[in-house]
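# Remarks on the overall topology
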Amino acid sequence: MSGAAPGRRRWARVSRLVSFSATHRLHCKSLSNEENLKLFGKCNNPNGHGHNYKVVVTVHGEEAIMKPLDHKNLDLDVPYFADVVSTTENVAVYIWDNLQKFLPVGILYKVKVYETDNNIVVYKGE
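Notes on the structure in this doc start here. Sequence order as written defines the numbering, with residues in each chain counted from 1. Confidence filtering applies because this is a predicted model: local features only for residues at pLDDT of at least 70, side-chain atom pairs given and counted only at 80 or more, and all residues used for totals across whole chains, interfaces and linings. Neither water nor hydrogens contribute to the side-chain values; these are computed over all heavy atoms in the structure.

Moving on: the overall build of the protein. Helix and strand counts for the protein stand at three helices and five strands. Secondary structure follows DSSP: runs of H or I at least 4 residues long count as helices, runs of E at least 2 residues long count as strands, and numbering of each begins at the N terminus. The N-to-C order of helical and strand elements in the protein reads β-α-β-β-α-α-β-β. Burial status across the protein gives 35% buried among its 126 residues. Note on contacts: a residue pair qualifies if any of its non-hydrogen atoms lie within 4.5 Å across the two residues. Expressed as a percentage of contacts within the protein between residues at least 6 apart in sequence, the contacts between residues at least 24 apart total 65%. Working note: accessible area of the protein is about 8200 Å², and carbon and sulfur atoms make up 51% of it. Each residue is placed in one exposure class: buried if its accessible area under a 1.4 Å probe, protein chains only, is under 20% of its type's maximum, exposed if it is over 50%, and partly exposed if it falls in between. For accessible areas, the Shrake-Rupley method is used with a probe of radius 1.4 Å. Any residue's cover is judged against the shown protein chains and nothing else.

Right, dumping it as C-alpha cells:
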C-alpha cells in the first residue's frame, strides 16, 4: 500500500452483507405461558413472527458465506434453536459458531445482525 511505512504490515478487514428471511417465536420452555407473554410480549405470538434479517460478517482476509437460515422457521427448522430462545443475540452467536467451523482460527472478527433497521446485534465471540 502506498504511504505505508517500510516493513509495516497493515490489516484490512473485509465485511460481507447477506440477507435472510425467517420466522421465530420468543419463548422459553422453562417459563409458563403467562411468564413468556409478560417477558416477550407480542414476540411470544404462538404463530411466530418474521424478519428480513441483514447480517454483516467481518473477517481478516477471505470471506465466508452461510445460508442455513434463509426462509426457515428458526424454532422448528434449525436444531440449535430447539433449546435456545431465538433472540437476535442468539442468532448472532449461532452464525458466529457456524462460521468458526469453516474459517481458520483468528480470521472471524465480528458478526453484525440487523433484525430491523433499528435493532442491531454485534457479536465478536466474547
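After presenting the structure, the write-up continues.
Residue H71 is not a glycine yet carries a positive backbone phi of 55°. Among the secondary structure elements, H71 is positioned in the loop between β2 (49–60) and β3 (72–73).

Attention now goes to the nonpolar core. Put simply, buried Ala, Val, Leu, Ile, Met, Phe, Trp, Tyr and Cys residues joined by side-chain atoms within 4.5 Å make one nonpolar core. Counting 24 residues, the largest nonpolar core has F20, V55, L69, L74, I95, L108 and V111 as its most contacted members. Put simply, the parts of the chain that give this core at least two residues each are β1 (13–24), β2, α3 (88–100), β4 (108–114) and β5 (120–123). Looking at which element gives the most residues to this core, the answer is α3, with seven residues. Among all residues touching F20, those that are not within four sequence positions of it are H51, N52, Y53, V55, L69, D70, V91 and I95.

To continue, consider α3. An expected span of 1.5 Å times one less than the residue number is assigned to each helix. Helix length check: α3, at 13 residues, gives a terminal C-alpha distance of 18 Å against a target of 18 Å (1.5 Å per residue), a fit within 8%. Within α3 the residues assigned to the buried category are T88, V91, A92, V93, Y94, I95, W96, N98 and L99.

The rule for a salt bridge is simple: a side-chain nitrogen of Lys or Arg has to be within 4 Å of a carboxyl oxygen of Asp or Glu. Tallying each qualifying case throughout the model produces one salt bridge. For K29, the salt bridge goes to D83, with nearest N and O atoms at 3.8 Å. Of the two residues, K29 is situated in the loop between β1 and α1 (33–40) and D83 in the loop between α2 (74–77) and α3; the sequence distance between them amounts to 54 residues. Exposure remark for K29: the relative accessible area of 63% places this residue in the exposed category.

In this structure, S86 sits in the loop between α2 and α3. Since its relative accessible area comes to 0%, S86 is described here as buried. A 3.5 Å cut-off defines polar contacts: any pair of N or O atoms within that distance qualifies, except that in protein one atom must be a possible hydrogen donor and the other a possible acceptor, and neighbouring residues in sequence count only when both atoms are side-chain atoms. Within polar-contact distance, the side chain of S86 engages the side chain of D75 at 2.8 Å. The residues touching S86, leaving out its near neighbours within four places in the chain, are H24, R25, L26, L74, D75, F81 and V91.

Here the focus is the layout of surface pockets. Any residue with an atom within 4 Å of a point lines the site, the site being either a cavity, points on a 1 Å grid over the protein atoms alone where a 1.4 Å probe fits but cannot get out, or a pocket, an open set with protein on both sides within 12 Å along at least 5 of 7 lines. Grid points are joined across faces, edges and corners, and a volume is the space filled by probe spheres set on the points. Put simply, the largest pocket is a space of about 320 Å³. As for the largest pocket, its lining consists of 18 residues, of which R25, H27, K29, D75 and F81 are closest to the centre. Here the residues of the lining of the largest pocket are counted per class, giving seven nonpolar, seven polar and four charged. There is about 160 Å³ of room inside the second largest pocket. Looking at the lining of the second largest pocket, the elements that each hand over two or more residues are β2 and α3. As a working rule, the residues Ala, Val, Leu, Ile, Met, Phe, Trp, Tyr, Cys and Pro are called nonpolar, Asp, Glu, Lys and Arg charged, and the rest polar, with Gly in that last group. Looking at side-chain class alone, the lining of the second largest pocket contains three nonpolar, six polar and three charged residues.

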